[in-house]
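Coordinate inspection notes
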Amino acid sequence: MKTLESEVPFFELAQSVRAMRRIKPDPVPIEMIWKVLNTGVHAPSGQNLQPWKFLLICEREQKKWFAKRYALAMESRFGLPVDPRKRGDAEPTGVARSVYYQMDHLADAPYLLLVCGKRDWPFKVPLEDRVGLAPPNYGAVYPCVQNILLACRALGLGAALTTMHQVFEDELHAHFEIPDTYGVVVSIPIGYPVGNFGSVTRIPAEEKTFIDRWGEKA
Ligand SMILES: Cc1cc2nc3c(=O)[nH]c(=O)nc-3n(C[C@H](O)[C@H](O)[C@H](O)COP(=O)(O)O)c2cc1C
């Protein structure tokens, strides 16, 4: 088994976490996943309520069930054909290549992690307006998700945050018997990456920051 420690210095690690959509089918020891998830649960949450739950999908048939619906969702929302013959002759490049790869190989990733959040009304919603299902506690779940992505990177595992399951979330709840008290916030295929971790493209903080007054650049 690979080491459960990180050899990557923190700043290099945090600045090279990116969507690794191309995942090898090679098995990953479950100890690595426990390390990843236990890093996730160290995230902060309001009142330390820790409103996350994980559904770790390992069975191939279940991953295939998810992958089929995921691909159909990508087709319906982004017009990315499920059938490779309808994708045109040009080889996809860049992000399109990795997005198609993920669609086509989702069931091959050793793990598919669903991060669920307990539903909870935000403080600002008045009691009388609280009708229907509350949204999942996104504010708490996303720090947990980011910890998971950092831990995957630290262990040399590829992971990609996806949210397209929202398109078939009702079906997802019924199929995996996820109670209505939780929402599925993200789905993350995890495994050894096909490509390398490189630098990510981001706008520098100096360009995103105002000092003392909105509009006042540093
Ligand atoms: C809230 C959120 C939703 C996202 N949803 C998806 C998604 O459904 N599918 C996907 O492939 N990537 C998704 N991503 C990943 C982003 O596309 C990715 O982080 C961004 O394009 C930057 O790419 P990079 O991390 O490779 O630099 C999502 C990221 C966030 C934060």
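That block above? That's the structure.
Fair warning: this is a prediction, and the values are worked out from it, not measured in the lab.

So, on to the environment of His-42. With respect to the helices and strands, the residue His-42 is situated in the loop between helix H2 (30-40) and strand S1 (52-57). In sequence terms His-42 and Asp-83 are 41 residues apart; their C-alpha atoms lie 41 Å from each other.

The next thing to look at is the sheet that holds strand S2 (residues 111-118). The antiparallel open sheet is built from four strands, whose spatial order is S1-S2-S4-S3. Edge positions in the sheet fall to S1 and strand S3 (158-159), since each has one partner strand and no second. Pairing analysis gives two bridges linking S3 to strand S4 (residues 182-191), with the strands arranged antiparallel. Residue pairing in the sheet places Ala-159 in a bridge with Ile-190 of S4.

Taken together, Arg-18, Ala-19, Arg-21, Val-99, Ala-160, Leu-161, Thr-162, Thr-163, Met-164 and Val-200 make up the full set of residues adjacent to the ligand. Residues of the shell around the ligand, tallied by class, amount to six nonpolar, two polar and two charged.

Another aspect to go through is the pairing of S4. Consecutive side chains of a regular strand alternate in pointing toward one face of the sheet and then the other. In terms of burial, S4 is largely enclosed, as nine of its 10 residues are buried. With eight bridges joining them, S2 and S4 adopt antiparallel strand pairing. Each bridged residue has a counterpart across the sheet, and for Leu-112 the counterpart in S4 is Pro-189.

What follows concerns helix H3 (residues 60-78). Residues spaced three or four apart along an α-helix point in a common direction, a consequence of the helix completing one turn every 3.6 residues. Spanning 19 residues, H3 covers 26 Å between terminal C-alpha atoms, matching the ideal 27 Å at 1.5 Å per step. The secondary structure elements touched by the buried residues of H3 are S1, helix H4 (94-105) and S2. At the C-terminal side of H3, Gly-79 shows a positive phi close to 70°.

Two packed helices can be described by the angle between their axes and the distance between those axes. Between H2 and helix H5 (residues 138-154), the least distance of the axes is 7 Å, while the angle of their chain directions is 145°. As for how H2 packs across H5, the hand of that crossing is right-handed. Between H2 and H5, the residues in contact are Lys-35, Val-36, Leu-37, Thr-39 and Gly-40 and Cys-144, Asn-147, Ile-148, Leu-150, Ala-151 and Cys-152, respectively.

The subject of this paragraph is the environment of Gly-158. Mapped onto the fold, Gly-158 is located in strand S3. The class for Gly-158 is buried, based on 24 C-beta atoms found within 10 Å. C-alpha separation for the pair Gly-158 and Arg-97, spaced 61 residues apart in sequence, amounts to 16 Å. Setting aside its immediate chain neighbours within four residues, Gly-158 contacts Met-20, Ile-23, Gly-191, Tyr-192 and Pro-193.

Here we come to the environment of Ile-190. Tracing the backbone shows Ile-190 in strand S4. The buried category is assigned to Ile-190, around which 25 C-beta atoms lie within 10 Å. Sequence spacing of Ile-190 and Lys-53 is 137 residues, and the spatial spacing of their C-alpha atoms is 17 Å. What Ile-190 contacts, discounting residues up to four positions off in sequence, is Ala-109, Tyr-111, Leu-113, Cys-152, Leu-157 and Ala-159.

About the cut-offs
- Every chain begins its residue count from 1, and numbering advances along the sequence as written.
- Owing to the predicted nature of the model, reporting of local features is limited to residues with pLDDT of at least 70; listing and counting of side-chain atom pairs is limited to 80 or more, with chain, interface and lining totals taken over all residues.
- Secondary structure follows DSSP: runs of H or I at least 4 residues long count as helices, runs of E at least 2 residues long count as strands, and numbering of each begins at the N terminus.
- Here, a strand pair is defined by DSSP locating no fewer than two bridges between the strands.
- For each residue, a C-beta atom is placed from the backbone, and the residue is labelled near a molecule or strand when this atom is within 6 Å of it.
- Polar here means any residue outside two lists: the nonpolar Ala, Val, Leu, Ile, Met, Phe, Trp, Tyr, Cys and Pro, and the charged Asp, Glu, Lys and Arg; Gly therefore counts as polar.
- Here exposure depends only on C-beta density: within 10 Å of a residue's C-beta, 20 or more other C-beta atoms make it buried, 12 or fewer make it exposed, and intermediate numbers make it partly exposed, the C-beta atoms being placed from the backbone.
- Here, expected helix span is obtained from the residue count minus one, scaled by 1.5 Å.
- Note on contacts: residues are paired as contacts if their backbone-placed C-beta atoms lie within 7 Å.
- Throughout, an axis means a line fitted to C-alpha atoms (over the contacting stretch in the case of helices), and angles, computed between N-to-C directions, take values from 0 to 180 degrees.
- By definition, turning the near helix anticlockwise from the far helix through less than a right angle yields a left-handed crossing, and turning it clockwise yields a right-handed one.

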